[in-house]
Amino acid sequence: MTKCPICEKGTLKKAKVDEEMFGMSLGKYDADVCGKCGESFMSEAEMERMEAKAKELGIWGLGKRIKVVRSGNSLSVRIPAKIAEYLDLSEGKNVFLYPDGKNRIVVEVA
Ligand SMILES: [Zn+2]
């Protein structure tokens, strides 16, 4: 039995884990999961399989770090073209904006 390198208490067991990216399911992957802390470890091959699935879905690399800019009295976050295209979002469309906790903003595209 392999000890978990994260918590160093649990042991790793083979399991199928559900992976998702940006709210889209990527399917199930073989991983070693810690029975104590729940951390999962995936092989290089499974990581590549997951990456291929994300690319197939057109969501690979969609997340981006961007800077908030001032726009009049409010702040503005530019939506990268790739994300706009993925969401079928265009100028003039209405979205619903709200905070989700203290570290996240949700922009709902109706
Ligand atoms: Zn652990």
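Residues numbered from 1 in each chain as written. Predicted model: local features only at pLDDT ≥ 70, side-chain atom pairs only at ≥ 80, totals over all residues.

*Asks:* Got a minute to help me understand the pairing of strand β1 (residues 12-21) in this structure?
*Replies:* On a regular strand, one side chain projects to one face of the sheet and the next to the other, so that they alternate. Little of β1 is tucked away, with zero of its ten residues classed as buried. Summarising the sheet, β1 and strand β2 (residues 24-34) pair through ten bridges and their orientation is antiparallel. Bridge pairing in β2 places K16 opposite D30. Connecting the antiparallel pair β1 and β2 is a turn made up of two residues, with F22 showing a positive phi of about 50 degrees. (Buried ≥ 20, exposed ≤ 12 C-beta atoms within 10 Å, placed from the backbone. Helix = DSSP H or I, 4+ residues; strand = E, 2+ residues; numbered from the N terminus. Pairing = 2+ DSSP bridges.)

*Asks:* I would appreciate a short explanation of the confidence of the model for the protein in the present structure.
*Replies:* Regions with low pLDDT carry predicted coordinates that are not meant to be interpreted in detail. Residues of the protein with pLDDT of at least 70 account for 100%, and the chain-wide mean is 95. By mean pLDDT, helix α2 (residues 81-87) is the weakest element of the protein at 92, and helix α1 (residues 44-56) is the strongest at 97. (pLDDT = per-residue confidence, 0-100.)

*Asks:* I tried to follow the environment of Y86 on my own but got confused; where do I start?
*Replies:* Position of Y86 relative to the elements: it lies in helix α2. Considering only alpha carbons, one finds Y86 and V17, 69 residues apart in sequence, at a separation of 26 Å. With residues near it in sequence (within four places) discarded, Y86 still touches G58 and L62. (Contact = placed C-beta atoms within 7 Å.)

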